[in-house]
Every structure is written in C-alpha cells, then in structure tokens.
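Read off the chains here:
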Amino acid sequence: MDIRSVPLIVLLLVIAVCCTALPGITRPGLFFGVTVAPEFPDSAEGRSILRQYRLGVWCWTTASIAAALFALRPLFVLLIFVVGFGFSSIRAYRRARRHQIDVSMAVEIDMATRPERIPGGVFALLLPFALLLCIGLWALSPWHPLTGYLVTHWSVGGPDRWARATPRAVIVRLAFSAFWCLIFVATALGIVNASRRISLADPAASGERRFRRRVLQFILLCEYFVVVLGLFSVAQVPGFVLLAASVSFAGVLVIFVLSLIRMGQGSNRLLTSGAVPLGDRSRDAYWKWGVFYFNPDDPAIFVESRAGVGYTLNFGNVWSWVLLGAIIAFPRVMHHLARG
Amino acid sequence: MILRIDPSSGAAVYRQIVDGLRVALVNGELAPGDSLPPVRRLALDLGINFNTVAQAYRALAREGWLEIGARTGVRVRERSTPKQVAGAESGFRRHVEELIAQLQAQGVQRSRLARELRRVLSALEGG
C-alpha cells in the first residue's frame, strides 16, 4: 500500500460518512429532493430507499478505496466515488418520486422592508483585495528576494504544482487569490441581492436572518483564508505551516457547517401563518434529480439547497453559468500563466 | 403585512399582487409613507419575473396608491377618496356573485361562504 494514499482514503471515508447522513439533513416534507408526505421517510418503503442508498454509497466508497490502494491517480479515485454517489442518489430519487405528493405552491411574503447587510459591510468584502495588494508590494520589494519555487496548487497529498519564484509568478499567484476573493464577494452579494428569502413574520423571519448571516460569515471566512494561502505561498512558508493552517481552517469550516445544520435550513425554521405548507415553495419539477435547480422564470441566482445545507445555483439563470464558467476556466488560465 | 400569492390558483400573479396590496391599502395596513419592497426584492422572494412585480406596482401607481421613484423606491402615497365610478355598485355585486359561484363550484359549502361573508361585512361595518 502506498502511504501517500492514506490521506485520500481518510478523505473518502469522511465524505462517505457525510453522504450517509445527507438524506437526514433536509427539510420536513422532502426526501431525496422530492416533496413527500411528512411520515413517508419513516415508512417501510422510505426506510428501504434509504437503506439502498446508504448501501450504494458504501459499496462505491469501498471501490474507491480499493482504487486508491492500487495507487491509481487521486482524480480517478474521486471520480469513481462521485459517479457511484451520483448513481445511488439518482436511484433513490427515482424511487422517491413515485411517492411524490402535490402541495400548494402558495407563497406568503412579509411586505415589511428589512434591508439585509453583509457582516462588516463593503469594507469587510474589499479588505482582502487591499491585503493582497500589500502582500504583492512586499513580495516584489527589495526586502524580499525571490528564490526557489512558489507552490501554486495543493492536492490531498500536499503541494503538487510549483512555479519558479519570479515577479510574474508572484503576480499571477496573487491574482489567483484575488480571483477567488472575487468569487466569494460575488457569492456573498448574490445571496444578499439575488436569492429568495423564505421570510415570514417574526420570529421565523429573525431565524432566517440569522441563518443567512451565518452563511455570509462563512463566505467571508473563506475569502480571508484565501488571502492567508496567498501570503503563505508567496512567503514560501514551510509545508507544515501550511498544513496547520489548512487543518485549522477545516476545523472552523466543520464548526460553521454544524452550526448551520443546528440552526436549520429552509423550513426547519419556518412557521406558517395559514395553510401554506413548509418548504421552499418551489415546484419539484424545477429540481432535476432533486439536486439541480433549473427555473428560467425565477430571477434568483442562488436558492436554498434541497440536500444538505447552504445554497445552490439556479441553472436556469444565465449568470449562474457565467459564475460557474469563471470558476472552472480561470484557475486553468492562471496556472498556465504562472508556468509562463 | 403578509402578501399571499398562489401561482396555481388560475388568477394572474400580477393581479393577485395588485388585489392583495389593494386590500392592505384600503384597510390601512399600509399607510401613506410606508415603503414597499423594491421590485427586485419582491420578485426574488416570490420567485417570479421582475416585470410581473413592476406591472403590479405600476397598476397601483395609476390608481394613485403608490409613488415609484428611482431613488425613493416604492412608497405609499396619500390618496384622496376618488369619486365613485358609475356602475361600480352593480359591478361589485356581479363580482361577488361570480366569486361565490366559483367557490361553490370548487366545493365550498354555502353555509361557510355565508359565514365568511358575514365576518367580512362585520369588519367592514366596524371600520
């Protein structure tokens, strides 16, 4: 067994545990992204679907671990897991769809205007860019001679891509960090200005504001962590320092996710004022495989996810594709620029 | 003030917005000077096209209920009671009869309809 496959195996096991718990981290009345009767998940058929899904997840996890033990490339190992997880999820979704129920799609909106703000305001959003600029000025100053290599990419096993430490590489590396900061800024602004609030009268609306605020805090945290990564890369800190920072961030990330689960996503924190049911009030037909939201008539870019916590993109909105395309394409472009 | 929209009811969504807001405006739940959500925010929360909300706001602005400004946003304006339009009373009776017939066709019991109408009448006379 290759010792370098150990981190990958640990990661696979962690992901598998999360995937096993995922069906339970959803809203009342949803089962694998399908609107069902609230008592359905506890029925014999519901438990059967859950059992089959979890069995599938762990079978594919085992296959992925076996692939890792045979020293296959991490990307291929993860691909095996992703394909298997997708297959298990889609099968569960299709079984759940047979028990889909129709519910009223009526929406209740509190007309009282409550402006929503990003924690720390615009200053908190833009400060990382100023920090990156300062880091760049310092890195390119005479007080910091550039020698050796800069780490430009990390994988499960640690750094796996480097670029010679030149002024160009420094600029490209920091531009890469600035790009990710921009993505986080766009996401935060998108959640504030381009996502649907399931808002009713207090105290439910207060609960939702707290949930959204926590999500925004998490996004800000990610933005500042990107700045830290950029600094560590340019400063060429030892690998163990970077590892410690990454592990610390992962710990904070887990705390945030757990707090979001505890706060309750979507209708977990909703109270209805009448006959309107719990839920995100979007039709099941717009949720492809219960996971991907596609509604061209909905102006929202971000919508609350039906699986897990947080938000997902409205793939019926063109700006969602622009954002996704930028996330996929830009790192490749920057990597090639860094290699010169 | 809670605005309720049912996309599956058959009535145009913008008409539901107009009717729902008008009820609140007439009842005083929305008073002159009150701000309404911007078009974008209301459209996002309802999950509908911006133009639908804009159409509803414009309709109420034409009726003299709302003031729409680029900087001030959407506000309820002071509105003097208009002169009664000729035929409004007969039109009202026809609307009520049509609504009652529609609800009965959907299975709502006459006794329940009568009870609800008495409740609305009581509130109207009390106001």
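Located above this text is the structure these notes cover.
What counts as what
Residues numbered from 1 in each chain as written. Chains lettered and ligands numbered in written order. Predicted model: local features only at pLDDT ≥ 70, side-chain atom pairs only at ≥ 80, totals over all residues. Heavy atoms only, no water. Helix = DSSP H or I, 4+ residues; strand = E, 2+ residues; numbered from the N terminus. Buried < 20%, exposed > 50% of the residue type's maximum accessible area, 1.4 Å probe, protein only. Contact = heavy atoms within 4.5 Å. Areas by Shrake-Rupley, 256 points an atom, 1.4 Å probe, with all protein chains shown as cover. 1 Å grid on protein atoms, 1.4 Å probe; cavity = no way out; pocket = protein on both sides within 12 Å on 5 of 7 lines; lining within 4 Å. Points joined across faces, edges and corners; volume = space filled by probe spheres on them. Nonpolar A, V, L, I, M, F, W, Y, C, P; charged D, E, K, R; others polar. Salt bridge = Lys/Arg side-chain N within 4 Å of Asp/Glu carboxyl O. Axes fitted to C-alpha atoms, helices over the stretch in contact; angles between N-to-C directions. Parallel < 35°, antiparallel > 145°, perpendicular 65-115°, else oblique. Left-handed = near helix turned anticlockwise from the far one by under 90°. Buried area = accessible area lost by both parts, 1.4 Å probe. Polar contact = N/O pair within 3.5 Å; in protein donor to acceptor, adjacent residues only side chain to side chain. Pairing = 2+ DSSP bridges.

Considerations on the overall build of chain B
Thinking step 1. Helices and strands together make up the secondary structure of chain B, namely five helices and four strands.
Thinking step 2. When its helices and strands are written in sequence order, chain B yields β-α-β-α-α-β-β-α-α.
Thinking step 3. By residue count, 28% of the 127 residues in chain B fall in the buried class.
Thinking step 4. The contacts in chain B between residues at least 6 apart in sequence include a share of 40% that link residues at least 24 apart.
Thinking step 5. Surface exposure of chain B reaches about 8500 Å², of which carbon and sulfur atoms provide 52%.

Digging into the layout of surface pockets
Residue and element names in this part refer to chain B.
Thinking step 1. Space inside the second largest pocket adds up to approximately 2400 Å³.
Thinking step 2. Lining the second largest pocket we find 37 residues, and of these D19, V23, V96, L99 and V120 sit closest to its centre.
Thinking step 3. Elements that contribute at least two residues to the lining of the second largest pocket include exactly β1 (2-5), α1 (13-27), α4 (88-105) and α5 (110-126).
Thinking step 4. Considering only residue class, the lining of the second largest pocket consists of 19 nonpolar, eight polar and 10 charged.

What to know about the pattern of salt bridges
Close approach of charged atoms allows side chains with opposite charge to pair.
Residue and element names in this part refer to chain B.
Thinking step 1. This model, assessed by the stated rule, comprises eight salt bridges over all chains.
Thinking step 2. Taking the shortest distance from any N to any O, the salt bridge between R15 and D19 comes out at 3.7 Å. In this pair, R15 and D19 are both assigned in helix α1, four residues apart and thus about one turn of the helix distant.
Thinking step 3. Overall, the relative accessible area of 33% leaves R15 in the partly exposed class.

Notes on the packing of α1 of chain B against helix α3 (residues 50-62) of chain B
Residues and elements named next belong to chain B.
Thinking step 1. Running from N to C, α1 and α3 point in directions that differ by 40 degrees, and their axes come no closer than 9 Å. Viewed along their axes, α1 and α3 adopt a mutual orientation that is oblique. The element α1 and its partner α3 pack so that their crossing is right-handed. Residue-level contacts link V13, Y14, I17, V18, L21, R22 and L25 of α1 to T52, V53, Q55, A56, Y57, A59 and L60 of α3.

So, the environment of L174 of chain A
All names here are of chain A.
Thinking step 1. Relative to the assigned elements, L174 resides in helix α5 (residues 167-193).
Thinking step 2. The class for L174 is buried, based on a relative accessible area of 8%.
Thinking step 3. Each C-alpha atom, one on L174 and one on L132, is 6.5 Å from the other, the two residues being 42 residues apart in sequence.
Thinking step 4. If we ignore the near neighbours within four places in the chain, the residues touching L174 are L132, I135, G136, G230 and V234.

Observations concerning the interface of chain B and chain A
Thinking step 1. Taken residue by residue, the interface counts 24 residues in chain B and 24 residues in chain A.
Thinking step 2. Taking both partners together, chain B and chain A bury about 2000 Å²; carbon and sulfur atoms supply 56% of that area.
Thinking step 3. A per-residue breakdown of the area chain B buries against chain A is headed by I2, L44 and D45 of chain B, which together make up 29% of the total.
Thinking step 4. On inspection of chain B and its partner chain A, the count reaches zero salt bridges.
Thinking step 5. The tally of links between chain B and chain A comes to three residue pairs in polar contact (both at pLDDT 80 or more).
Thinking step 6. Examining the composition of the side of chain B that touches chain A, we find that seven residues originate from one element, helix α2 (residues 39-46) of chain B, more than from any other.
Thinking step 7. Its residues assigned to classes, the side of chain B that touches chain A shows 15 nonpolar, four polar and five charged.
Thinking step 8. In this sheet, β1 of chain B lies alongside strand β3 (residues 107-110) of chain A in antiparallel orientation, the contact comprising four bridges. Among the inter-strand pairings, I109 of chain A is bridged to a residue of β1 of chain B, identified as L3 of chain B.

All we've got here are geometric facts, nothing functional implied.
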